[in-house]
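Reading the structure
One letter stands for each residue in the lines below.
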Amino acid sequence: QVQLLESGGGLVQAGASLRLSCAASGRSFSNCIMGWFRQAPGKEREFVAQLNWSGGITYYADSVKGRFTISRDHAKNTLYLLMNGLKPEDTAVYSCAATTPRMYGIMLKNPGEYAYWGQGTQVTVSS
């Protein structure tokens, strides 16, 4: 059984930093694409960042480029999202996801393309 468990969310002021973690278990993720998504109240879930577990290739939404960094620790089987310069508009529930893609080296921005999901962690940024 694949399990993704997020942690690290919280309430911070604008300009602060947070690092989210996603502990992954239940299978080898070496051939997976990992993603971070977020969903704000009243809005649809949106793509934040993507990482090819084995190759370390990353992609980011335009809204977070230069501020967020996605990474992973092979030994700990953990995915991270380092969020710097947080803004109130970053407030959302952040979820990690994983899938085995048909192809590699492409961006997977559609949530429907991911097979496995965590429950999410709340990030609230005050002004």
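The rules behind the values
- Residues numbered from 1 in each chain as written.
- Predicted model: local features only at pLDDT ≥ 70, side-chain atom pairs only at ≥ 80, totals over all residues.
- Heavy atoms only, no water.
- Core = buried A, V, L, I, M, F, W, Y, C linked by side-chain atoms within 4.5 Å.
- Buried < 20%, exposed > 50% of the residue type's maximum accessible area, 1.4 Å probe, protein only.
- Helix = DSSP H or I, 4+ residues; strand = E, 2+ residues; numbered from the N terminus.
- Contact = heavy atoms within 4.5 Å.
- Disulfide = S-S within 2.5 Å.

1. Overview of the nonpolar core
Counting residues in hydrophobic clusters, the biggest one holds 37 residues, and the most contacted among them are Phe29, Trp36, Leu79, Leu81, Met83 and Tyr94. Sorting the residues of this core by element identifies strand E3 (18–25), strand E4 (33–39), strand E5 (46–52), strand E6 (58–60), strand E7 (68–73), strand E8 (78–83), strand E9 (92–99) and strand E11 (121–126) as the ones contributing at least two each. The biggest single contributor to this core is E9, with five residues. Those residues within four positions of Phe29 in sequence are excluded, and the remaining contacts are Val2, Leu4, Ala24, Met34, Trp53, Asn77 and Ala98.

2. Considerations on the environment of Gly15
Structurally, Gly15 can be placed in the loop between strand E2 (10–13) and E3. Owing to a relative accessible area of 54%, Gly15 belongs among the exposed residues under this scheme. Sequence separation of Gly15 and Pro88 is 73 residues, and the distance between their C-alpha atoms is 9.2 Å.

3. Describing the state of the cysteines
One pass over the full model with this rule turns up one disulfide. Shown here is the disulfide that connects Cys22 with Cys96, its sulfur atoms set 2.0 Å apart. The sign of the S-S torsion, about 60°, decides the handedness of the disulfide formed by Cys22 and Cys96: right-handed. One end of the pair, Cys22, is in strand E3; the other, Cys96, is in strand E9, with 74 residues separating them in the sequence. Judged by its relative accessible area of 0%, Cys96 falls in the buried class. Cys32 takes part in no disulfide bond, and the closest cysteine sulfur, belonging to Cys22, lies 11 Å away. Residue classification places Cys32 among the buried residues on the basis of a relative accessible area of 0%.

So yeah, pure geometry; function would need other evidence.
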